[in-house]
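# Architecture at a glance
Each chain is listed here by its residues.
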Amino acid sequence: DMLISVGERISMSLLAMALCLKNQEAVSFTGSQSGIITCQRHTHAQIIDVRPQRIETSLAQGKIVIVAGFQGVSRDKEITTLGRGGSDTSAVALALALNATQVSFYKDVPGVFDHDPKEYPDLPCYSHLTYQAALDIVNRGAKILHARAIELAAKNGLPLHVQSFM
C-alpha cells in the first residue's frame with residue numbers, strides 16, 4: 001500500500017507547491033496525516049475513524065488544505081489503501097468529520113449518466129438523483145462515484161454534487 005499510494009502523495013505535493021507559487025498558502029496531507037484511521041486490510045481497507053485535527057488547524061489558519069485520498073493508516077500505524085473509489089470515500093468521510101454541508105466532486109464528464117458519456121454521447125444527464133437512484137446507477141456499472149461514498153453520504157444525509165472540471 002505504501003507503493004500504491006505514491007501517486008496521490010506526489011500529486012498533492014505538486015498541487016500545494018503550485019498554489020504556493022501563486023501566493024496561496026497551501027498544505028498537503030497524506031491520509032494518515034489527515035487523520036483517516038482504517039482497519040488493517042491492505043488494498044481494500046475500511047475507514048473506522050476520522051480525526052482531522054491537523055486539517056482543522058490548517059483551515060483555521062486560512063490555508064488551502066490538500067488531502068491525498070484513497071489512503072489511511074491502521075491503528076498499528078501501517079499505511080493502507082481503500083481500493084477503487086477510495087478517494088470518493090475519503091472525501092465524504094472527511095466532510096462528515098469536518099461538519100461540511102456538502103461534497104463537490106469535479107470529474108472529466110459533464111455530470112451523472114447511466115453509462116460512460118464518452119462512449120455513449122447521446123445519453124441524458126441526470127440533474128438530481130436520490131441516493132438510492134445513484135447507487136442503482138453505480139451498481140449497474142457507472143463509475144462516476146464509488147458506492148461506499150454514496151452509502152456513507154446517504155447514511156448521514158450529506159448532499160453530493162458532481163460537476164465537470166472542464
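See the structure printed just above.
Residues numbered from 1 in each chain as written. Predicted model: local features only at pLDDT ≥ 70, side-chain atom pairs only at ≥ 80, totals over all residues. Heavy atoms only, no water.

Counting its regular elements, the chain contains 5 helices and 8 strands. The order of α-helices and β-strands along the chain, N terminus first, is α-β-β-β-α-β-β-β-α-β-α-α-β. Relative to the compact-globule value of 15 Å for 166 residues, the chain shows a C-alpha radius of gyration of 16 Å, a close match. Overall, the chain is about 45 × 40 × 30 Å in size when its C-alpha atoms are taken along their principal axes. Going through the 166 residues of the chain one by one, you find that 39% of them count as buried. In the chain, of all internal contacts separated by at least 6 residues, the share reaching a separation of at least 24 is 64%. When the accessible surface of the chain is split by element, carbon and sulfur atoms take 55% of a total near 9500 Å². Separation between the mean location of the 15 positive side-chain charges and that of the 15 negative ones in the chain comes to 6 Å. (Helix = DSSP H or I, 4+ residues; strand = E, 2+ residues; numbered from the N terminus. Rg over C-alpha atoms; globule rule 2.2 N^0.38 Å. Buried < 20%, exposed > 50% of the residue type's maximum accessible area, 1.4 Å probe, protein only. Contact = heavy atoms within 4.5 Å. Areas by Shrake-Rupley, 256 points an atom, 1.4 Å probe, with all protein chains shown as cover. Lys, Arg positive; Asp, Glu negative; His and termini not counted. Charge placed at Lys NZ, Arg CZ, Asp CG, Glu CD.)

Spatial strand order, β3-β2-β5-β6: 4 strands in an open sheet with mixed pairing. Bordering the open sheet on either side are β3 (47–50) and β6 (79–81), each of which pairs with just one other strand. The average angle at which neighbouring strand axes cross in this sheet is 45 degrees, direction not considered. Where strand β5 (residues 71–74) lies against β6, 3 bridges are found, and the strand directions are antiparallel. Looking at the pairing, Q71 lines up with T81 of β6. On the sheet, helix α3 (residues 86–97) packs against β2 (36–38), β3 and β5 and is oriented at approximately 35 degrees with respect to β3. (Pairing = 2+ DSSP bridges. Axes fitted to C-alpha atoms, helices over the stretch in contact; angles between N-to-C directions.)

Opposite charge on two side chains lets them pair, provided their charged atoms get close. According to the stated counting rule, one finds 4 salt bridges in the structure shown. Where R51 meets D49, a salt bridge forms, and the shortest distance between an N and an O atom there is 2.8 Å. Exposure remark for R51: the relative accessible area of 39% places this residue in the partly exposed category. (Salt bridge = Lys/Arg side-chain N within 4 Å of Asp/Glu carboxyl O.)

Another point: the environment of K22. Inspection of the secondary structure assignment puts K22 in the loop between α1 (6–21) and β1 (26–29). Along the backbone, K22 and V65 are 43 residues apart, and their C-alpha atoms lie at a distance of 15 Å.

Here the focus is a nonpolar patch on the surface. Together, L3, V6, I10, L14 and M17 make up a nonpolar patch on the protein surface, roughly 510 Å² of accessible area in all. Here L14 is to be found in helix α1. (Patch = residues over 30% accessible without salt bridge, like charges linked within 9 Å, V, L, I, M, F, W, Y side chains within 5 Å.)

That is the geometry; function is a separate question.
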